[in-house]
Amino acid sequence: MQPRTLVSLLESSKLMAGLSGWSYVCGPALATLTASDGQTVLQSHDADGALGPLATWRQPFQALVDVLSCCNAMAGIGAPRPAGLAFQAGLVGYLGYDLVRCVERLPTVAEADPPWPELRLQLCDHLLAYDHAQAQWHFCTQALPWGEPEERQEVWAQTLAQALEGPEVPAGAFSAGPLRSRTSDAVYLDQVHQLLDFIAAGDIFQANLSHRLEGDFSGDPFALYQALTQANPAPFSAYFEGPGYALASVSPERFLQRTGETLRAHPIKGTRSRGTDAASDEAQRQALAGSTKDRAENLMIVDLMRNDLGRVAQVGSVQAESLFQIEAHPSVWQMVSTLTARLRADAQVSDLLRACWPPGSMTGAPKVRAMEIIETLEPVRRGPYAGALGYLDVGGDLDLSVVIRTALVHGERVMVQVGGAVVADSDPAAELAETYAKGQQLLSVLARQPA
């Protein structure tokens, strides 16, 4: 049998109360679900890694329901789940921002470069789960049809070997050329002015405008991920591979979590750079905490996500658990709020994702109009950026982070996309500076060049 490779890792490289606590090393894929060019395909993997079609759909969100339901019905009897373990088997990977075209009618203006799949998820029926609170590993399986017992033993051995690899980045493991934005500073400033005109005209209240920086890349994308987690540990670190590309993410933001009927969302809006010393750092934190502008940004997205969740939640269950909390991250302070709700009994995962797609913190308000304007301003489609990355368990639970603070490697290119919210009192120069502050750690790692 040809060796299989690690394709996905979900890691709490920074422990934060209420956000993290488990990390997952996902074994080689049993099958892959991919959405591209209007078709969603489930393909099986044989022992040598070859693909074979199993089923196709026109609607990717329905494909998620069908695959998870089928797997839940076929699941074997695994070991009892440890307390707190939400992911034991299911789909792991990313859902791209551009899945929005399966939900809303948007203009097609931006260039699809590179042509990312709109969705790519690996079906994994066994994984290693690490409970950070107890400092304990668990081998989890649902024993979906896999093949011969000896093959399962070999896959288990390879998964364990991947988990035991050291954290050090090998010297010269990757190299990145200078990153340049696809949108010049002058054009970005002009785009902010255009958004301010839309706001003044009453079209929108807020829009999340981004720009992509990219450069040459060679070497091992996983080594890049290791370097990123060392420089910028995050509660939703993640690594995911596809054919010819990889995502290395150190996201601080949860999009959606479902645990039973309980839903949680943690939208981030409001940013300040970290100070150079303790006094200036505290001054930046206090400035963010007391900023009327940033609170208004945050509250707009809270209201938007309350509306999204309300489409699938039990009546009266959507609550703002906390507002305007300040979180510390390596290069920035961020303002975050927490929403909770209870999912209706008749709502499926497809209903939940369609109601909330894409993450509201990455669009603006009103949501559809903001996305229409974004499509006319940003020169390239967002791909995985501003979408979600994480797992969907066969039992129905899920946990998805927002794809921000993420390096996307595609062929011989590496891309980092950064953005921020534009509101009525935004200063264009300050908005541009904020985008670079958010990407500071990623850009520093890519510029450092392991020697």
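Before reading on, note that the structure itself is shown above.
Not measured: the values here are computed from a predicted model.

### What about the overall build of the protein chain?
Along its length, the protein chain carries 10 helices and 24 strands. When the 451 residues of the protein chain are sorted by exposure, 57% land in the buried category. A fraction of 74% describes how many contacts in the protein chain between residues 6 or more apart in sequence connect residues 24 or more apart. When the accessible area of the protein chain is evaluated, it comes to approximately 17,500 Å², of which 53% is carbon and sulfur surface.

### A word on the nonpolar core
Ranked by size, the top nonpolar core spans 57 residues in total, and within it Leu33, Leu64, Phe255, Leu353 and Leu392 carry the most contacts. Examining the composition of this core, we find that seven residues originate from one element, helix H1 (residues 60-74), more than from any other. Setting aside its immediate chain neighbours within four residues, Leu392 contacts Leu64, Leu68, Phe87, Ala89, Gly90, Leu91, Leu121, Val349, Leu353, Asp397, Leu398 and Leu400. Core analysis: the next-biggest nonpolar cluster, separate from the first, contains 27 residues, Leu128, Ala223, Ala248 and Ala407 among them.

### Observations regarding unusual backbone geometry
The omega torsion across Asp113 and Pro114 is -5°, close enough to zero to call that bond cis. Structurally, Pro114 is set in the loop between strand S6 (90-95) and strand S7 (119-124). The linkage connecting Trp357 with the following residue, Pro358, adopts the cis geometry, with an omega of -15°. Positioned with a positive phi, Ala386 is a non-glycine residue whose angle comes to about 70°. The class of Ala386 is buried, set by a relative accessible area of 0%.

### Some thoughts on the side chain of Gln257
Summarising the element assignment, Gln257 is placed in strand S15 (residues 254-259). For Gln257, a relative accessible area of 16% gives the class buried. In this structure Gln257 touches Thr262, Leu263, Arg264, Leu398 and Asp399, once residues within four positions along its chain are discounted.

### A look at helix H4 (residues 221-231)
For H4, a buried count of nine out of 11 residues is recorded, marking the element as mostly surrounded by other parts of the structure. When H4 is considered as a whole, its buried residues turn out to be Pro221, Phe222, Ala223, Leu224, Tyr225, Gln226, Ala227, Leu228 and Thr229. The N-cap residue of H4 is Asp220: its side-chain oxygen and the backbone nitrogen of Phe222 are 2.9 Å apart.

### Some words on the packing of H4 against helix H10 (residues 440-448)
One way to put it is that H4 packs onto H10 with a least axis distance of 10 Å and a crossing angle of 130°. Between H4 and H10, the interaxial angle falls into the category oblique. Judged by the twist between their axes, the crossing of H4 over H10 is right-handed. Across the interface between the two elements, Leu224, Ala227, Leu228 and Ala231 of H4 pack against Gln441, Leu442, Val445, Leu446 and Arg448 of H10. Of the residues contributing to the contact of H4 with H10, the split by class is seven nonpolar, one polar and one charged.

### Concerning H1
Spanning 15 residues, H1 covers 21 Å between terminal C-alpha atoms, matching the ideal 21 Å at 1.5 Å per step. Of all the positions in H1, only Pro60, Phe61, Ala63, Leu64, Val65, Val67, Leu68 and Cys71 are classed as buried. At the N-terminal boundary of H1, the capping side chain belongs to Gln59, with an oxygen 2.9 Å from the backbone nitrogen of Phe61.

Cut-offs and rules
Residues numbered from 1 in each chain as written. Predicted model: local features only at pLDDT ≥ 70, side-chain atom pairs only at ≥ 80, totals over all residues. Heavy atoms only, no water. Helix = DSSP H or I, 4+ residues; strand = E, 2+ residues; numbered from the N terminus. Buried < 20%, exposed > 50% of the residue type's maximum accessible area, 1.4 Å probe, protein only. Contact = heavy atoms within 4.5 Å. Areas by Shrake-Rupley, 256 points an atom, 1.4 Å probe, with all protein chains shown as cover. Core = buried A, V, L, I, M, F, W, Y, C linked by side-chain atoms within 4.5 Å. Polar contact = N/O pair within 3.5 Å; in protein donor to acceptor, adjacent residues only side chain to side chain. Axes fitted to C-alpha atoms, helices over the stretch in contact; angles between N-to-C directions. Parallel < 35°, antiparallel > 145°, perpendicular 65-115°, else oblique. Left-handed = near helix turned anticlockwise from the far one by under 90°. Nonpolar A, V, L, I, M, F, W, Y, C, P; charged D, E, K, R; others polar. Expected span 1.5 Å × (residues − 1).

Such coordinate-based values are descriptive only and should not be taken to indicate function.
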